[in-house]
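Observations on the three-dimensional arrangement
The chain contents come next:
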Amino acid sequence: MRLIQFSRNGQRGVARIENGKAIVVPGAVSVIDIAQAALVGSIKSLAANVTARGDGEMLDYAKMLADGSVLTPIDHPDPAHCLVTGTGLTHLGSADTRDKMHQKVAGDIETLTDSMKMFRMGLEGGKPKDDKPGVQPEWFYKGDGSSVVKPGGALDFPAFALDGGEEPEVAGIYLIAPDGQPWRLGYAIGNEYSDHVMERQNYLYLAHSKLRACAIGPELLVGDLPDSVEGESRIWRNGSLLWKKAFVSGERNMSHTLGNLEFHHLKYRQFRRPGDLHIHFFGTATLSVGDGIQTQPGDVFEIEAPVFGAALRNPLGAKANDDFQLGGVGTL
């Protein structure tokens with residue numbers, strides 16, 4: 001099952017996507033409302049709760065995507081209670097990338113960079129064979145729900161940014177129940193947009209480089225993630241294709257299990273606060289910056305993987321003129 005959220009004539013709604021059509025879920029204004037009802041009701045399944053509501057009006061999905069009425073597939077009524085985070089150095093990449101990575105990590109551990117040490121740790125311990133947790137991945141924080149841009153919306157380009165680059169990733173979506181139990185609602189394709197030039201200056205700038213906008217959707221995949229996810233990442237400039245490259249995700253193409261990544265995020269008690277929503281990116285191995293692409297305002301990022309339905313498209317916004325300056329902190 002794949003779900004979308006939409007806004008029409010000032011009213012929100014939820015629809016499931018089937019054969020290119022959007023079938024309205026009667027009485028639903030948000031996915032999180034359906035999920036919260038599932039947590040306290042007798043049907044402990046998001047998909048089953050959607051099905052139990054029956055079918056409503058059938059809408060033209062292609063037209064909705066074109067006119068901007070499709071929203072992010074999951075959100076929280078209070079953006080401060082949606083946390084956006086992620087993991088890195090988790091993907092093996094394509095066959096040639098994988099061979100290069102293995103060659104880099106084959107030497108003496110003392111000669112490896114910290115990033116290669118982290119990648120090697122994942123290769124050796126990211127997929128535990130017993131019921132014990134595996135090695136920790138790299139982890140980062142992106143922001144709260146206000147940093148999530150809807151499909152078609154522009155990705156902010158801060159005045160201080162050195163770059164605005166795409167990252168095609170799968171994101172896991174989680175809701176924390178009243179008793180503190182995390183529940184996975186599904187998965188979405190996403191653009192974990194970052195500043196790769198800043199990060200490359202020094203890996204300790206990773207935290208700064210990730211404090212950017214991002215986008216997911218347009219559809220929420222309810223159910224299990226396939227073992228292998230295949231897709232393509234593209235950049236369009238002035239209506240012409242500037243760059244494209246295939247990407248893969250899913251456990252078959254990763255050095256960690258999804259369960260291990262979930263554990264090392266949600267093991268922290270502060271991330272199991274009842275009522276909170278989590279969007280957690282799982283990483284990638286495919287970046288246009290690696291091929292020498294320098295993005296510019298107006299470029300359109302397009303990330304598509306058939307298992308997630310429609311492609312995610314977002315333009316890079318104009319370089320901002322931030323009004324916050326050095327010395328801009330007041331004293332009370």
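In this report, the structure presented in the accompanying data block is examined. (Residues numbered from 1 in each chain as written. Predicted model: local features only at pLDDT ≥ 70, side-chain atom pairs only at ≥ 80, totals over all residues. Heavy atoms only, no water.)

1. What about the overall build of the protein chain?
When helices and strands are counted, the protein chain shows eight helices and 17 strands. In summary, the protein chain has a C-alpha radius of gyration of 20 Å against a globular reference of 20 Å for 332 residues, a match within 12%. The buried share among the 332 residues of the protein chain stands at 49%. Intrachain contacts of the protein chain at a sequence separation of at least 6 include 73% that bridge at least 24 residues. By element, 52% of the accessible surface of the protein chain is carried by carbon and sulfur atoms, the whole surface being about 15800 Å². Across the protein chain, 33 positive and 41 negative side-chain charges occur, with their mean positions spaced 2 Å apart. (Helix = DSSP H or I, 4+ residues; strand = E, 2+ residues; numbered from the N terminus. Rg over C-alpha atoms; globule rule 2.2 N^0.38 Å. Buried < 20%, exposed > 50% of the residue type's maximum accessible area, 1.4 Å probe, protein only. Contact = heavy atoms within 4.5 Å. Areas by Shrake-Rupley, 256 points an atom, 1.4 Å probe, with all protein chains shown as cover. Lys, Arg positive; Asp, Glu negative; His and termini not counted. Charge placed at Lys NZ, Arg CZ, Asp CG, Glu CD.)

2. Examining unusual backbone geometry
Cis geometry is adopted by the peptide bond preceding Pro 218, which originates at Gly 217 and carries an omega value of 10°. As for its position among the elements, Pro 218 is in the loop between strand S11 (214–216) and strand S12 (220–221). The phi torsion at Asn 9 lies on the positive side, around 55°, for a residue other than glycine. Tracing the chain through its elements places Asn 9 in the loop between strand S1 (2–8) and strand S2 (11–18). Notably, Asn 19 is not glycine yet its phi reads approximately 55°, a positive angle. Among the secondary structure elements, Asn 19 is positioned in the loop between S2 and strand S3 (21–24). Asn 19 sits in the exposed class, given a relative accessible area of 75%.

3. Concerning the pattern of salt bridges
The final tally for this structure, using the stated rule, is 20 salt bridges. Lys 210 is paired through a salt bridge with Glu 167; the nearest N and O atoms lie 3.0 Å apart. Highlighted residues: Lys 210 in helix H7 (residues 206–210) and Glu 167 in the loop between strand S8 (155–157) and strand S9 (168–176), separated in sequence by 43 residues. Assessed through its relative accessible area of 6%, Glu 167 is described here as buried. Residues Arg 273 and Asp 276 are paired through a salt bridge, measuring 2.8 Å at the closest nitrogen-oxygen approach. Connected through salt bridges with shared partners, the residues Glu 232, Arg 234, Glu 302, Glu 304 and Arg 313 form a single ionic network. (Salt bridge = Lys/Arg side-chain N within 4 Å of Asp/Glu carboxyl O.)

4. Examining the pairing of S2
Bridging between S1 and S2 involves six bridges; their strand directions are antiparallel. Within the sheet, the bridge partner assigned to Ser 7 lies in S2 and is Arg 12. The hairpin formed by S1 and S2 contains two residues between the paired strands, and Asn 9 there has a positive phi angle of roughly 55°. For S2 and S3, the ladder comprises four bridges, and the chain directions are antiparallel. Bridge pairing links Glu 18 to Lys 21 in S3. Hairpin connection from S2 to S3: two residues lie between these consecutive antiparallel strands, with Asn 19 at a positive phi of about 55°. (Pairing = 2+ DSSP bridges.)

5. What about the nonpolar core?
The biggest cluster of nonpolar side chains holds 32 residues, and the ones touching the most others in it are Ile 189, Leu 225, Phe 282 and Phe 308. Looking at this core, the elements that each hand over two or more residues are S8, S9, strand S10 (182–191), strand S13 (229–237), strand S14 (240–249), helix H8 (258–266), strand S16 (300–304) and strand S17 (312–319). When neighbours within four sequence positions are excluded, Phe 282 is seen to be in contact with Thr 87, Thr 90, His 91, Glu 169, Val 170, Ala 171, Gly 172, Tyr 174, Tyr 187, Met 254, Leu 258 and Leu 261. Within the second largest apolar cluster, 28 residues are counted, among which are Leu 3, Val 14, Val 25 and Ile 34. (Core = buried A, V, L, I, M, F, W, Y, C linked by side-chain atoms within 4.5 Å.)

6. Focus on the sheet that holds S17
If you trace the five strands from one edge of the open sheet to the other, you get S8-S17-S16-S13-S14, paired in mixed fashion. Unpaired on one side and paired on the other, S8 and S14 mark the two borders of the sheet. Strand-to-strand twist across the sheet, computed as the mean angle between neighbouring axes with direction ignored, equals 20°. Alignment of S8 against S17, held across two bridges, turns out to be parallel. Bridging from a neighbouring strand, Phe 157 pairs with Lys 319 of S17. (Axes fitted to C-alpha atoms, helices over the stretch in contact; angles between N-to-C directions.)

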